[in-house]
Amino acid sequence: MPVPFEAVIPMAIVATLFTVTGTGFSGVSRLANEGKPLRHNVDDWERMMMRRDLRLTGTKRGQARDAIAPESFATNSAWGAERV
């Protein structure tokens, strides 16, 4: 039995909305990650490297290729200072 033609328009609307929301979510997540895909199964080492990259470059996904760290890297330690 064929599908009635009245069902084509609502199904096209549903398919279009799924496509628009999926594409929008993908675009927003890529913008949040500086144009790179999302990271999955991030372990402690990768989190530590992301914190280091944030301290070096100012962005979570940025990487520096300089052999010598900038001067501010020495004072913006990941460890918080505490009063003794």
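Residues numbered from 1 in each chain as written. Predicted model: local features only at pLDDT ≥ 70, side-chain atom pairs only at ≥ 80, totals over all residues. Heavy atoms only, no water.

Next up on the list: helix α1 (residues 8–32). When the terminal C-alpha atoms of α1 are compared, their 36 Å separation across 25 residues agrees well with the 36 Å that a helix rising 1.5 Å per residue should span. Phi turns positive, to about 60°, at Glu 34, one or two residues after α1. (Helix = DSSP H or I, 4+ residues; strand = E, 2+ residues; numbered from the N terminus. Expected span 1.5 Å × (residues − 1).)

What follows covers a nonpolar patch on the surface. A contiguous nonpolar patch, built from Ile 9, Ile 13 and Leu 17 and spanning about 310 Å² of accessible area, is present on the exposed surface. The exposed category is assigned to Leu 17, whose relative accessible area is 51%. (Patch = residues over 30% accessible without salt bridge, like charges linked within 9 Å, V, L, I, M, F, W, Y side chains within 5 Å. Areas by Shrake-Rupley, 256 points an atom, 1.4 Å probe, with all protein chains shown as cover. Salt bridge = Lys/Arg side-chain N within 4 Å of Asp/Glu carboxyl O. Buried < 20%, exposed > 50% of the residue type's maximum accessible area, 1.4 Å probe, protein only.)

With that settled, the discussion passes to the UniProt feature "transmembrane region" (unreviewed entry) in the protein. The UniProt record annotates "transmembrane region" (unreviewed entry) at residues 12–32. This span, residues 12–32, is 100% helix and 0% strand, and a straight line between its end C-alpha atoms measures 30 Å. (UniProt positions renumbered as here; feature names shortened; annotations may be inferred.)

Before going further, it helps to spend a moment on the side chain of Asn 33. Relative to the helices and strands, Asn 33 resides in the loop between α1 and α2 (44–57). Those residues in contact with Asn 33, other than ones at most four positions away along the chain, are Leu 38, Lys 60 and Arg 61. (Contact = heavy atoms within 4.5 Å.)

This part is about the pattern of salt bridges. A complete count under the given rule lists two salt bridges for this structure. Its salt-bridge partner being Asp 44, residue Arg 47 comes within 3.2 Å of it at the nearest N-O pair. Taken together, the positions of Arg 47 and Asp 44, both in helix α2 and three residues apart, correspond to about one turn of that helix. On the basis of relative accessible area, Asp 44 is assigned to the exposed category, the value being 60%. Here Arg 52 and Asp 53 are joined by a salt bridge, their closest N and O atoms 3.0 Å apart.

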